[in-house]
Amino acid sequence: MGTAALLRAAGVGLGDEVVVPAFGNVEVAEAVMTAGALPVFADIDPATYCLEPAAVEAATTPRTAAVVVVHRFGRPADLGRLHDLGRRHGLLVLEQREPEQLEAPYEEMAQRRERAAFLDARLRGVRTPEGGVGHTYQQYVVRVPGNGRPDRDAFARAVRARGVECRIPVKTPVHRLPGFRQCVSLPETERAADETLALPVDASLTKREMQRIASACNALGGLLQPAL
């Protein structure tokens, strides 16, 4: 059952608000609107890229009926605190995983974690992801420090020119998109959208390919940072 159907089944609809992330997943906001409710965007935790419980609580009003939690990049959200918040405010808490986060074989998850550990130990000039309990590294997302989007984008182009595939996980936060624009302060969401870059950690990658990823990034790391 989809998110819109689950919301309707719980009686969420016209006049209700549903707290959702703006960091990717426009389909979540679309589902809320399909159910007849209003999506309200809350900020993310900068380590997990999932909804920050304190930000969700700050966005909660008497009209809030539900929260839709999206687990990001293989890192689970803080469900304990979010469910506790839901109980205190009488809110429905729905979970949604990204398509790539469907349960993978144990061996594949172990190989991804092994490749992530390899990059953790070798990358310089970028901020590597915080592992945390349960991280399956469906995506290995680093931060490219600098003055915002141009630095990360230049870094991505240079890495690709060295033969390494990479991608920008969230190009535009949902609250900036036409049809969803809201005057809301989401500093961590904005910063993550400007700085994040996903590097490959596929289980099929060889050690030589992993070394090439590290070498390509390290040849650039720090060159695009602002002068102190």
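Residues numbered from 1 in each chain as written. Predicted model: local features only at pLDDT ≥ 70, side-chain atom pairs only at ≥ 80, totals over all residues. Heavy atoms only, no water.

Asker: Help me understand the overall build of the protein in this model?
Answerer: Across its full length, the protein holds eight helices and six strands. Each helix and strand of the protein, placed in order from N terminus to C terminus, yields the pattern α-β-α-β-α-β-α-β-α-β-α-α-β-α. For the protein, the C-alpha radius of gyration of 19 Å lies close to 17 Å, the compact-globule estimate for 228 residues. The C-alpha extent of the protein, read off along each of the three principal axes, is 55 × 40 × 25 Å. Here the protein holds 228 residues, and 51% of them are scored as buried. (Helix = DSSP H or I, 4+ residues; strand = E, 2+ residues; numbered from the N terminus. Rg over C-alpha atoms; globule rule 2.2 N^0.38 Å. Buried < 20%, exposed > 50% of the residue type's maximum accessible area, 1.4 Å probe, protein only.)

Asker: Before we go on, may I ask you to explain the pairing of strand β6 (residues 196-199) in this structure?
Answerer: The side chains of a regular strand alternate between the sheet's two faces. Both faces of β6 are covered, namely the face carrying Thr196 and Ala198 and the face carrying Leu197 and Leu199. Bridging between strand β5 (residues 140-143) and β6 involves four bridges; their strand directions are antiparallel. Bridge pairing in β6 links tyrosine 140 to leucine 199. (Pairing = 2+ DSSP bridges.)

Asker: Which parts of the structure should I look at to understand empty space enclosed by the protein?
Answerer: Vacant regions in the atomic arrangement are exposed by a probe of water-molecule size rolled over the atoms. Under the defined criterion, the tally for this structure stands at two cavities of 30 Å³ or more. When its volume is computed, the largest cavity comes out at roughly 60 Å³. Every residue lining the largest cavity is listed: Ala47, Thr48, Tyr49, Arg72, Phe73, Arg75, Pro129, Glu130, His135, Gln139, Tyr140 and Val141. Of the residues contributing to the lining of the largest cavity, the split by class is six nonpolar, three polar and three charged. (1 Å grid on protein atoms, 1.4 Å probe; cavity = no way out; pocket = protein on both sides within 12 Å on 5 of 7 lines; lining within 4 Å. Points joined across faces, edges and corners; volume = space filled by probe spheres on them. Nonpolar A, V, L, I, M, F, W, Y, C, P; charged D, E, K, R; others polar.)

Asker: What should I look at first to understand the sheet that holds strand β4 (residues 92-97) in this one?
Answerer: With parallel pairing, four strands are arranged side by side in an open sheet as β2-β1-β3-β4. The open sheet has two edge strands with one neighbour each: β2 (38-42) and β4. This sheet shows a mean twist of 30 degrees between the axes of neighbouring strands, independent of strand direction. The pairing of strand β1 (residues 17-21) with β2 spans five bridges and is classified as parallel. Bridge pairing in β2 links proline 21 to alanine 42. (Axes fitted to C-alpha atoms, helices over the stretch in contact; angles between N-to-C directions.)

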